[in-house]
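# Secondary and tertiary structure notes
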Amino acid sequence: MTPPMKPLMSGMRPTGRLHLGNLLGALDNWVRLQDAYNCFFSVVDWHALTTVYEDPGEISANIREMVIDWVSAGLDPERSVLFVQSHVKEHAELHLLLSMIIPIPWLERVPTYKDQIQQLKGKDLSTYGFLGYPLLQSADILVYQAEVVPVGEDQLPHLELTREVARRFNYLYEPVFPEPQALLNRVRLLPGTDGRKMSKSYDNCISMSASPEEVKQKVQQMVTDPARIHKTDPGHPEVCVVHKFLQVFDTETVGETEDDCRAGRIGCVACKKRLLTRLNAFLDPIRERRALLEGQPGLVDGIIADGAERARRIAADTMERVRAAMKLRV
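Residues numbered from 1 in each chain as written. Predicted model: local features only at pLDDT ≥ 70, side-chain atom pairs only at ≥ 80, totals over all residues. Heavy atoms only, no water.

### A short note on the packing of helix α8 (residues 133-142) against helix α9 (residues 156-172)
Keep this limit in mind: Axes here refer to lines fitted to C-alpha atoms; in helices the fit is confined to the stretch in contact. Angles between the N-to-C directions go from 0 to 180 degrees. Put simply, DSSP H or I for four residues or longer makes a helix, DSSP E for two residues or longer makes a strand, and each gets a number counted from the N terminus. Note on terminology: angles under 35 degrees are roughly parallel, angles over 145 are roughly antiparallel, angles of 65 to 115 are roughly perpendicular, and the others are oblique. Crossing chirality is assigned from the near helix's rotation relative to the far helix, an anticlockwise turn below a right angle marking it left-handed and a clockwise turn marking it right-handed. In this analysis, two residues are considered to be in contact whenever any of their non-hydrogen atoms come within 4.5 Å of each other. In this classification, the charged set is Asp, Glu, Lys and Arg, the nonpolar set is Ala, Val, Leu, Ile, Met, Phe, Trp, Tyr, Cys and Pro, and all remaining amino acids, among them Gly, are polar.
Direction vectors running N to C along α8 and α9 enclose 70°, while the axes themselves pass 9 Å from each other. Considered as vectors, α8 and α9 are oriented roughly perpendicular to each other. As α8 packs across α9, the resulting crossing turns out to be right-handed. Here Y133, P134, L135, Q137, S138, I141 and L142 of α8 lie close against α9, whose contacting residues are H158, L159, L161, T162, V165 and A166. Classifying every residue of the contact of α8 with α9 by side-chain character gives nine nonpolar, four polar and no charged.

### Observations concerning the packing of aromatic side chains
We count it as follows: Side-chain rings of Phe, Tyr and Trp (the six-membered ring for Trp) are treated as a pair once their centres are within 6.5 Å; stacked means planes under 30 degrees apart, edge-to-face means over 60, and tilted covers the remaining angles. Whether a charge sits over a ring comes down to the Lys NZ or Arg CZ being within 6 Å of the ring centre and within 35 degrees of the ring normal.
Following the criterion strictly, the structure yields nine aromatic pairs and no others. Relative to Y133, the ring of F130 has its centre 5.6 Å away and its plane inclined at 40°; by these criteria the two rings are tilted. Three or more aromatic residues joined by ring pairs make a cluster, and in this case those are W30, F41 and W70. Here the basic side chain of R168 rests over the ring of W106, its NZ or CZ set 5.8 Å away from the ring centre. A cation over a ring is seen here: R196 above Y202, with NZ or CZ 4.0 Å from the ring centre.

### Some details on the pattern of salt bridges
Put simply, the rule is: For salt bridges, the criterion is a side-chain nitrogen of Lys or Arg within 4 Å of an Asp or Glu carboxyl oxygen.
Per the counting criterion, the structure on display carries 25 salt bridges. Between K218 and D203 there is a salt bridge, with the nearest N and O atoms lying 3.5 Å from each other. Of the two residues, K218 is situated in helix α10 (residues 212-221) and D203 in the loop between β5 (181-184) and α10; the sequence distance between them amounts to 15 residues. Via salt bridges that share partners, R17, E65, D69, R290 and E294 belong to a single interconnected network.

### Comments concerning helix α4 (residues 90-99)
Where we set the bar: Burial classes follow relative accessibility: with a 1.4 Å probe on protein chains only, a residue under 20% of its type's maximum area counts as buried, one over 50% as exposed, and anything between as partly exposed. Each C-beta atom gives one direction from the helix axis, and the arc is the one those directions make.
Burial in α4 covers these residues: E90, H91, L94, H95, L97 and L98. Buried residues along α4 cover an arc of 165° about the axis, so they all sit on one side. Contacts from the buried residues of α4 go to α2 (45-52), β3 (81-84), α7 (128-131), α8, α9 and α14 (297-325).

### Focus: the pairing of strand β1 (residues 7-12)
The cut-off we apply is this: Pairing between two strands is assigned when DSSP locates at least 2 bridges connecting them.
Within β1, five of the six residues are buried, leaving the element largely enclosed by the surrounding structure. Note that β1 and strand β2 (residues 38-43) share six bridges and pair parallel. Bridging across to β2, S10 finds its partner in F41.

Here's what the structure looks like:
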């Protein structure tokens, strides 16, 4: 008899359409993990409120865009539970109950707390929601009894807080929660078109939903070897953004392209044309799935509603156990 797959949980803030950096940094990992785990993937709209609470108007539209991107990339709503955080109120209940037992210094020591205060100086982040968002993350994970959480190295302190929260609850009351283990993401890093980190705020990213014309414009903007003036000049592919993209999207012939570049046998225009062909071939299946979903709004609504119902069943069972452990049943 095949043992049941371990539950896995992760989420993303709805900040608009995803770009290739999001896809290669997290989403394509999620797609592969569907074969090995019982996956719960959440659009964490309450987390988005921690920094945009003054102007939340775009969150609703961004939720739909994110679900479309997820399914277009290969997440299967039949195999994985895709849902919106705020549609499962048990997240909020567990967050509230955990907030009664967690010392404030545990939250203040999370590295991203002070880092984001520095990075977002123009925003008033002196709110409990911002201080407590790592604990809400813990509730997101624990409410599904998740045993595995895919994370980047920068997120390991958040997961360690979740493990500490689980230990404290289990010690104070009775064992309810597993201590989730980290599953480090296999990250394929892509720079932005200007060589900086790919980010919508820098306007240097290529979205997953980009049209062929948009991709062409972005590729034409890519920074190449600034020391190379003529096609026959020896190139330095290690400093070229186009080459970094070819290392991801043209693995079979990138070595040959690199040799030709160093020898001055291929110019930057030809490299960009090669990349454009590879990128469009990669994005075409994603575009096709997106067009299907955009043409059937009811299909997206159904995915969101079904995911919430399936998530709610698991979360409700967990909360029954939590209330019993805390002697909150009447």
